[in-house]
Amino acid sequence: AKEIAELQSKAEALGAEGNIDDSMAAMKSAELLVAKKETLENPVAFTVAAAKEKAMEVCEICCNFMSEGDKEAVNDAAKARLDEHLNGRQHRAWDQ
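Engineer: I would appreciate a short explanation of the overall build of the protein in the present structure.
Structural biologist: Within the protein, the secondary structure is distributed over five helices and two strands. Traced from its N-terminal end to its C-terminal end, the protein shows the element sequence α-α-α-β-β-α-α. Of all 96 residues assigned to the protein, the portion counted as buried reaches 19%. Within the protein, counting contacts between residues at least 6 apart in sequence, those at least 24 apart form 28% of the total. For the protein, the exposed surface amounts to about 7600 Å²; the carbon and sulfur share of it is 54%.

Pasting the structure below:
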């Protein structure tokens, strides 16, 4: 926390002197430290948020988003989603 405050003060002083580039660099460093501090203080929130994000890819035919794992169809649910996508009206229309 002390280091963050020092960097913010330094950025303000540099900005007041007209040294914008160095001021922006100091603020960027302070922001990175704040983000790192938040991650360390509450790692569960970041882990849960990252787990909820799905890796998506765009279908080359109809441009709809699909889960990355659906193309491999490793389980029944993925196979069902892939079948629904391939047999969907929009995909079939663009495929013709």
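Still more to cover.
Engineer: Honestly, helix α2 (residues 20–41) in this entry has me stumped. Any pointers?
Structural biologist: Note: α-helices contain 3.6 residues per turn, so residues at a spacing of three or four share the same orientation. Compared with an ideal rise of 1.5 Å per residue, which puts 22 residues at 32 Å, α2 spans 31 Å between its outermost C-alpha atoms and is within 8% of the ideal. Looking at the buried positions of α2, the neighbouring elements they touch are α1 (2–17).

Engineer: Explanation requested: the environment of T39 in the structure shown.
Structural biologist: Note that T39 resides in helix α2. Its relative accessible area of 34% is what places T39 among the partly exposed residues. Polar contacts involving the side chain of T39 include one to the main-chain carbonyl oxygen of A35, which spans 2.9 Å.

Engineer: Mind showing me how you'd approach a nonpolar patch on the surface here?
Structural biologist: A surface patch of nonpolar side chains, amounting to about 310 Å² of accessible area, comprises M56, V58 and F65. Structurally, the position occupied by F65 is in strand β2 (residues 65–67).

Engineer: I tried to follow the packing of α1 against α2 on my own but got confused; where do I start?
Structural biologist: Helix packing for two helices is described by the angle between their axes and how far apart those axes are. Following both chains from N to C, one finds α1 and α2 inclined at 160°, their axes separated by 8 Å at the closest point. The angle between the axes of α1 and α2 places the two elements in the roughly antiparallel class. The hand of the α1/α2 crossing is left-handed. The segment α1 lies against α2, with E3, I4, L7, Q8, A11, L14 and G15 engaging I20, D22, S23, A26, M27, S29, A30, L33, V34 and K37. Across the contact of α1 with α2, the residue classes tally to 10 nonpolar, four polar and three charged.

Engineer: Is there a simple way to think about the side chain of S23 in this case?
Structural biologist: Within the secondary structure layout, S23 lies in helix α2. The exposure class of S23 is buried, given its relative accessible area of 10%. In this view, S23 contacts A11, L14 and G15; residues no more than four positions away in its chain are not counted.

Engineer: Honestly, the pattern of salt bridges in this entry has me stumped. Any pointers?
Structural biologist: For the coordinates displayed, the defined rule picks out one salt bridge. Between K37 and E41 there is a salt bridge; the shortest N-O distance is 3.9 Å. Of this pair, K37 and E41 are both found in helix α2, four residues apart, which corresponds to roughly one turn of the helix.

What counts and what doesn't
- Residues numbered from 1 in each chain as written.
- Predicted model: local features only at pLDDT ≥ 70, side-chain atom pairs only at ≥ 80, totals over all residues.
- Heavy atoms only, no water.
- Helix = DSSP H or I, 4+ residues; strand = E, 2+ residues; numbered from the N terminus.
- Buried < 20%, exposed > 50% of the residue type's maximum accessible area, 1.4 Å probe, protein only.
- Contact = heavy atoms within 4.5 Å.
- Areas by Shrake-Rupley, 256 points an atom, 1.4 Å probe, with all protein chains shown as cover.
- Expected span 1.5 Å × (residues − 1).
- Polar contact = N/O pair within 3.5 Å; in protein donor to acceptor, adjacent residues only side chain to side chain.
- Patch = residues over 30% accessible without salt bridge, like charges linked within 9 Å, V, L, I, M, F, W, Y side chains within 5 Å.
- Salt bridge = Lys/Arg side-chain N within 4 Å of Asp/Glu carboxyl O.
- Axes fitted to C-alpha atoms, helices over the stretch in contact; angles between N-to-C directions.
- Parallel < 35°, antiparallel > 145°, perpendicular 65-115°, else oblique.
- Left-handed = near helix turned anticlockwise from the far one by under 90°.
- Nonpolar A, V, L, I, M, F, W, Y, C, P; charged D, E, K, R; others polar.

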